[in-house]
Amino acid sequence: KFQLTGNYHFVNGSTVRFNEDQLVFSSNNTVWNSTMTRKSVNKQQHLMHLSSSFKLDSLSELRVGMDVQLNPKVSGNYYIPTYINQLSSGVMESFYLTGNQRDLKQNTVNSFLTFDRTWKTHAIQWSTNYGFLAFDESQDVKTYSQFAGQPIINQRFINRSNQVIHVLTNQLDYQWGKDA
């Protein structure tokens, strides 16, 4: 008996996340109001799944499968203005703006191979799994702030993270007894 299952999904488009936060600091009688707008453009995300099983005989089965995600580019522009106001009067005393230009590329592969064999009172299962992640992200973060009684400050932080990870696992299970 042979069984094969698979699917493919394609994603392309933009997402926008909008968030508002309000923090009250009673210790200095201020309220911090932040509004975050986070827009990401996703170009050509591919999601694939393929798996199969094969009954070699009434006591043995072989299974193999793979999940793949290819995400060649996600770009985002994120802006977060924060206003610091006096709690009692509502007068703005400070301002803080953060902008982030983020680019991301991420590819993952997860695969498995499993073999099962049973006898009257014995069973054995061997499985191996392989995982792969390639991740490349860059961020360009700019801040502009003016806090009460201090000069205006402009800052910039640039970051790049690049990772390639491979994981391989093997497992062998042996069961002995009447429930095998």
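1. Quick look at the overall build of the chain
Piece 1. In terms of regular secondary structure, the chain is built from zero helices and six strands.
Piece 2. Reading the chain from its N end, one meets helices and strands in the order β-β-β-β-β-β.
Piece 3. Taken over C-alpha atoms, the radius of gyration comes to 27 Å for the chain, far larger than the 16 Å a tight globule of 180 residues would show.
Piece 4. Summarising its shape, the C-alpha atoms of the chain cover approximately 80 × 35 × 25 Å along the three principal directions.
Piece 5. By the burial criterion, 28% of the 180 residues in the chain qualify as buried.
Piece 6. Across the chain, every contact between residues at least 6 apart in sequence was considered, and the portion connecting residues at least 24 apart equals 67%.
Piece 7. With an accessible surface of roughly 12200 Å², the chain has 56% of that area assigned to carbon and sulfur atoms.

2. Here's the deal with the side chain of T114
Piece 1. The residue T114 is located in strand 4 (residues 92–118) in this model.
Piece 2. In this structure T114 comes out as buried when scored by relative accessible area, which is 8%.
Piece 3. Other than its neighbours up to four places away in sequence, T114 contacts E61, L62, R63, Q125, W126 and S127.

3. Some details on the pairing of strand 1 (residues 2–25)
Piece 1. Taken together, the 23 bridges between strand 1 and strand 2 (residues 30–57) define a ladder with antiparallel strand orientation. Paired with N7 across the bridge in strand 2 is H49.

4. Considerations on the sheet that holds strand 6 (residues 153–176)
Piece 1. The six strands lie next to each other as 1-2-3-4-5-6, forming an open sheet whose pairing is antiparallel. The open sheet has two free edges, formed respectively by strand 1 and strand 6, since each of these has just one partner strand. On average, each strand axis in the sheet is tilted by 10 degrees relative to the strand beside it, whichever way the strands run.
Piece 2. Two elements, strand 2 and strand 3 (residues 60–86), share 23 bridges in a ladder whose sense is antiparallel.

5. Topic: the environment of K142
Piece 1. Relative to the helices and strands, K142 resides in strand 5 (residues 122–146).
Piece 2. Residues K142 and G99, spaced 43 residues apart in sequence, show a C-alpha to C-alpha distance of 5.2 Å.
Piece 3. Setting aside chain neighbours within four positions, we find K142 in contact with L97, T98, G99, Q155 and R156.

6. Here's the deal with the packing of aromatic side chains
Two measures describe an aromatic ring pair: the distance that separates the ring centres and the angle between the ring planes.
Piece 1. One pass over the structure, following the stated rule, counts five aromatic pairs.
Piece 2. Ring geometry for Y83 against F95: centres 5.1 Å apart, planes inclined by 55 degrees, an arrangement best described as tilted. A residue pair is termed long-range when its members are at least 10 positions apart, and Y83 in strand 3 and F95 in strand 4 qualify at 12 residues.
Piece 3. Owing to a relative accessible area of 35%, Y83 belongs among the partly exposed residues under this scheme.

7. Considering the environment of I165
Piece 1. Examined against the element boundaries, I165 turns out to sit in strand 6.
Piece 2. On the accessibility criterion, I165 (35% relative accessible area) is partly exposed.
Piece 3. It is 8.7 Å that separates the C-alpha atoms of I165 and F135, two residues lying 30 residues apart in sequence.
Piece 4. Setting aside its immediate chain neighbours within four residues, I165 contacts G131, F132 and L133.

What counts and what doesn't
- Residues numbered from 1 in each chain as written.
- Predicted model: local features only at pLDDT ≥ 70, side-chain atom pairs only at ≥ 80, totals over all residues.
- Heavy atoms only, no water.
- Helix = DSSP H or I, 4+ residues; strand = E, 2+ residues; numbered from the N terminus.
- Rg over C-alpha atoms; globule rule 2.2 N^0.38 Å.
- Buried < 20%, exposed > 50% of the residue type's maximum accessible area, 1.4 Å probe, protein only.
- Contact = heavy atoms within 4.5 Å.
- Areas by Shrake-Rupley, 256 points an atom, 1.4 Å probe, with all protein chains shown as cover.
- Pairing = 2+ DSSP bridges.
- Axes fitted to C-alpha atoms, helices over the stretch in contact; angles between N-to-C directions.
- Phe/Tyr/Trp six-rings, centres within 6.5 Å; stacked < 30°, edge-to-face > 60°.

Note that every value here comes from positions in space, so none of it alone points to a role or purpose.
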